[in-house]
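Given next are the chains, with one letter for each unit.
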Amino acid sequence: MEGSAVVNHIVIDLEMNKIERQYRDSHKLSSELIEIGAVKMNENFDVIDTYQTYVSPEFGKMDALIIELTGITDDKLAGAPGFSEAMDDFAKWIGKKPAQFYSWSMCDIRQFQNEAEFKEYKGKIIHRMEVNWNDFQEEYSRLLGIEKKIKLKQAVASADYEFTGAQHTALADAVNTAEILRLSKNKEEFERVMKPVLDLFRTETSDNTLLNMCPEFFAAFSELSVSQTEPEHNDGSTNDDEASDKTKNIGDFSKKKKTKNP
């Protein structure tokens, strides 16, 4: 683990496309990377840069459901770098400074691992991410004192933030994850902002359940994942369930956006 006091924090989100069964071989790769979005933060969790690139898949065309979810079409992917080229460029952007890597669940690092093995990519960035990866979804649930894992949009709502940008776009999801990560690293601010939520989960009473005390709050969380082991990405799907193909402003973060394939 890269444990220097002066370390960058890289928040990552990926979008994937399903691979049709006829294109699979014995490795059973079920999805391919089509977009990388990332936010680079310094040791104080201040945002210093962002990154976005599309990635050209090798097997088949874009799945209709994924197009609906992400707005990423075959035309958008035309001319995009392939997996190996995209990973080399991403590694160059990350740089050599010690870094910790974060995503909302373990699905993204598993995608990196599986696709790198399948496509025989030998770049050192894969191992570097493996040994320095943080499942921030699990960490956030632990901070709230709950066992179930919540979705990114629910975490944003719990912090009384507006979701920045369009869901199912890699950079916007990374930006929102970074915002929650930054909040979580400021204990005093986290306690202040999250006090209503934390008080709910810390309340111990046999007469009143949390659901009975605060039905409106829990109504907003009615889409909690059923199991900790249930992945947010499933054969190419993205972190949330609702589709959105509208491009929205992602605020100040976008000013530093690096777009490899507009």
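Structure shown above.
Residues numbered from 1 in each chain as written. Predicted model: local features only at pLDDT ≥ 70, side-chain atom pairs only at ≥ 80, totals over all residues. Heavy atoms only, no water.

## Structural notes on the overall build of the protein
Definition in use: The helix count covers DSSP runs of H or I at least four residues long, the strand count covers runs of E at least two residues long, and both are numbered beginning at the N terminus. Each residue gets one of three labels from its accessible area relative to the maximum for its type: buried under 20%, exposed over 50%, partly exposed in between, using a 1.4 Å probe on protein chains only. By definition, residues are in contact when any of their heavy atoms lie within 4.5 Å. Only the protein chains shown count as cover for residues, and all accessible areas are computed by the Shrake-Rupley method using a 1.4 Å probe.
Counting its regular elements, the protein contains 12 helices and 5 strands. Within the span of the protein, comprising 262 residues, buried residues form 51% of the whole. Residue pairs in contact within the protein that sit at least 24 positions apart in sequence constitute 74% of those at least 6 positions apart. Accessible surface for the protein amounts to roughly 13300 Å². Of this, 46% is attributable to carbon and sulfur atoms.

## Some details on the pairing of strand β3 (residues 47-54)
Side-chain positions along a regular strand alternate between the two faces of the sheet. The following threshold applies: The pairing criterion for strands is at least two bridges between them, as found by DSSP.
Judged by how many residues are buried, β3 sits mostly within the fold: 6 of 8 residues are covered. Sheet analysis places strand β2 (residues 31-41) next to β3, joined by 7 bridges and oriented antiparallel. Across the sheet, residue K40 finds its bridge partner in β3, namely D49. In textbook terms, the turn of a hairpin is the stretch between consecutive antiparallel strands, and for β2 and β3 this stretch comprises 5 residues, one of which, F45, has a positive phi near 65°.

## With respect to the packing of helix α6 (residues 136-144) against helix α8 (residues 170-184)
Heads up, the condition is: Axes, fitted as lines to C-alpha atoms, cover a helix only where it is in contact. Angles between the N-to-C directions of the axes lie from 0 to 180 degrees. The labels follow the angle: roughly parallel below 35 degrees, roughly antiparallel above 145, roughly perpendicular from 65 to 115, and oblique for the rest. Should the near helix be turned anticlockwise from the far one by less than a right angle, the crossing is termed left-handed; should it be turned clockwise, right-handed. Asp, Glu, Lys and Arg are counted as charged, while Ala, Val, Leu, Ile, Met, Phe, Trp, Tyr, Cys and Pro are counted as nonpolar; the rest, among them Gly, fall into the polar class.
Following both chains from N to C, one finds α6 and α8 inclined at 40°, their axes separated by 11 Å at the closest point. Between α6 and α8, the angle is such that the two are oblique. Considering the relative orientation of α6 and α8, their crossing is left-handed. Facing F136, Y140 and L143 of α6, the residues of α8 in contact are T177, I180, L181 and S184. Class assignment of the residues belonging to the contact of α6 with α8 gives a composition of 5 nonpolar, 2 polar and no charged.

## Some words on the sheet that holds strand β4 (residues 99-103)
An order of β3-β2-β1-β4-β5 is seen for the 5 strands of this open sheet, with the pairing classed as mixed. Looking at the sheet topology across the chains shown, the edges are occupied by β3 and β5 (133-135). Adjacent strand axes in the sheet meet at a mean angle of 25°, parallel and antiparallel pairs treated alike. Of the strand pairs in this sheet, strand β1 (residues 8-18) and β4 are connected by 4 bridges, and their pairing is parallel.

## Digging into the nonpolar core
Basically, it comes down to this: Residues enter a nonpolar core if they are buried and are Ala, Val, Leu, Ile, Met, Phe, Trp, Tyr or Cys, with the set joined through side-chain atoms within 4.5 Å.
Counting residues in each nonpolar core, the largest one holds 29 residues, and the members touching the most others are V39, M41, Y140, L144 and M194. Those elements that place two or more of their residues in this core are β2, α6, α7 (152-158), α8, α9 (187-193) and α10 (195-202). Not counting residues within four places of it along the chain, the set of residues in contact with V39 comprises H9, I10, V11, V47, D49, T50, W93, A174, V175 and A178.

## Considering the packing of aromatic side chains
Under the convention used in this document: The pairing test for Phe, Tyr and Trp rings, Trp by its six-membered ring, is centres within 6.5 Å, and the orientation test on the planes gives stacked under 30 degrees, edge-to-face over 60, and tilted for anything in between.
Using the criterion set out here, one finds 11 aromatic pairs in the structure. Taking the centre distance of 6.5 Å and the plane angle of 25° together, the rings of F90 and F112 count as stacked. Placement of the pair is F90 in helix α3 (residues 83-94) and F112 in helix α4 (residues 107-118), with a sequence separation of 22 residues. The exposure class of F112 is buried, given its relative accessible area of 1%.

## Some words on the pattern of salt bridges
Stated formally: Any carboxyl oxygen of Asp or Glu that lies within 4 Å of a side-chain nitrogen of Lys or Arg is treated as forming a salt bridge with it.
With the rule as written, the count across this model stands at 10 salt bridges. One salt bridge connects K119 with E58, and the closest N-O pair in it is separated by 4.0 Å. Note that K119 is positioned in the loop between α4 and α5 (125-130) and E58 in the loop between β3 and α1 (64-70), a separation of 61 residues in sequence. According to the relative accessible area criterion, K119 is buried, its value standing at 15%. Judged by relative accessible area, E58 falls into the exposed class, the value being 53%. Measuring nitrogen to oxygen at the nearest pair gives 3.4 Å for the salt bridge that ties K149 to D135.

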